[in-house]
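Residue strings, one per chain:
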Amino acid sequence: MTKLRKLNRTTAHRMSMLRTMVSQLVKHERIETTVAKAKEVRRQADRMVQLGKDGSLCAARRAAAFVRGDDVIHKLFTELAYRYKDRVGGYTRLLRTRIRVGDAAPMAYIEFIDRENELRQSKPPAPQPPPPRVFLDPWTRSKLCKQFAPPKEDKTKSSEI
């Protein structure tokens, strides 16, 4: 099981807070919170978008068990799933903004990328890695090298002239 930040809250309070924040992030596509909370919300929000891209009944039930609101589930499985169909991961961005006045907590915006009115333009999706190289045994490699190598010149003939 993965380790979560406890955020100085009980388990029920922490899960309720994360569910609400992920639902509000999906609904508004940008929220401001503390950096520690934003890092946890990013993990859960990326997981929910992945479920939306899956699009199966099981994924819909799992997403409905976590996020709050039918409009949020509809947006996950239609708009966000279509927007991120070509992207493998990294659907959210964390931008540190300021230090909160009351308790000096570092604040940050968390937002979905590839949307209108984003705070910073997103990079294009990373190119896919090249296909893996095929291992050739030494005999096959030597045959290929002989086949494509230029013909050798005889040194004896060039020295006679």
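Sequence positions are assigned chain by chain, starting from 1 and proceeding in written order. Per-residue local features are limited, in this predicted model, to residues with pLDDT of at least 70; the limit for side-chain atom pairs, both in listing and counting, is 80 or more; totals at the level of whole chains, interfaces and linings are taken over all residues. For the side-chain quantities, the full set of heavy atoms in the structure was used; hydrogens and water were omitted.

A.B. asks: Explain the packing of helix α3 (residues 57-66) against helix α4 (residues 70-83) to me, using residue names and the numbers behind them.
C.D. replies: Angles here are taken between N-to-C directions and fall from 0 to 180 degrees, while the axes themselves are lines fitted to C-alpha atoms, restricted in helices to the stretch in contact. Helix and strand definitions here come from DSSP, where helices need a minimum of 4 consecutive H or I residues and strands a minimum of 2 consecutive E residues; each element is numbered from the N-terminal end. Between α3 and α4, the least distance of the axes is 10 Å, while the angle of their chain directions is 140 degrees. The angle between α3 and α4 falls in the class oblique. Seen from above, α3 lies across α4 with right-handed handedness. Note on element contacts: α4 touches α3 through I73, L76 and F77, opposite A59, A60, A63 and A64. Each residue receives one of three labels: charged for Asp, Glu, Lys and Arg, nonpolar for Ala, Val, Leu, Ile, Met, Phe, Trp, Tyr, Cys and Pro, and polar for the others, Gly being one of them. Here the residues of the contact of α3 with α4 are counted per class, giving seven nonpolar, no polar and no charged. When describing relative orientation, an angle under 35 degrees is termed roughly parallel and one over 145 degrees roughly antiparallel, while 65 to 115 degrees is termed roughly perpendicular and anything else oblique. Here a crossing is called left-handed whenever its near helix is offset anticlockwise from the far helix by less than a right angle, and right-handed whenever the offset is clockwise. A contact between two residues is defined here by any heavy atoms of the two lying within 4.5 Å.

A.B. asks: Describe the pattern of salt bridges, listing the residues and the values that go with them.
C.D. replies: It is possible for side chains bearing opposite charge to pair when their charged atoms get close. When a carboxyl oxygen of Asp or Glu lies within 4 Å of a side-chain nitrogen of Lys or Arg, that pair is called a salt bridge. One pass over the full model with this rule turns up 10 salt bridges. Residue D114 pairs with R87 through a salt bridge whose shortest N-O separation is 3.1 Å. Of this pair, D114 sits in the loop between β3 (106-112) and α5 (138-148) while R87 sits in the loop between α4 and β2 (92-99), and the two are 27 residues apart along the sequence. Exposure is judged per residue with a 1.4 Å probe applied to protein chains only, and the accessible area is read against the type maximum: over 50% gives exposed, under 20% gives buried, and values in between give partly exposed. Relative accessible area serves as the criterion here: at 12%, R87 is assigned to the buried category.

A.B. asks: So what's going on with the pairing of β2? Which residues, and what values?
C.D. replies: Strand pairing is assigned whenever DSSP identifies at least 2 bridges connecting the two strands. Strand direction decides the pairing type here: β2 and β3, joined by six bridges, are antiparallel. The residue of β3 that forms the bridge with R96 is A108. Following β2, the chain reverses through six residues before pairing antiparallel with β3; A104 in that reversal takes a positive phi of roughly 60 degrees.

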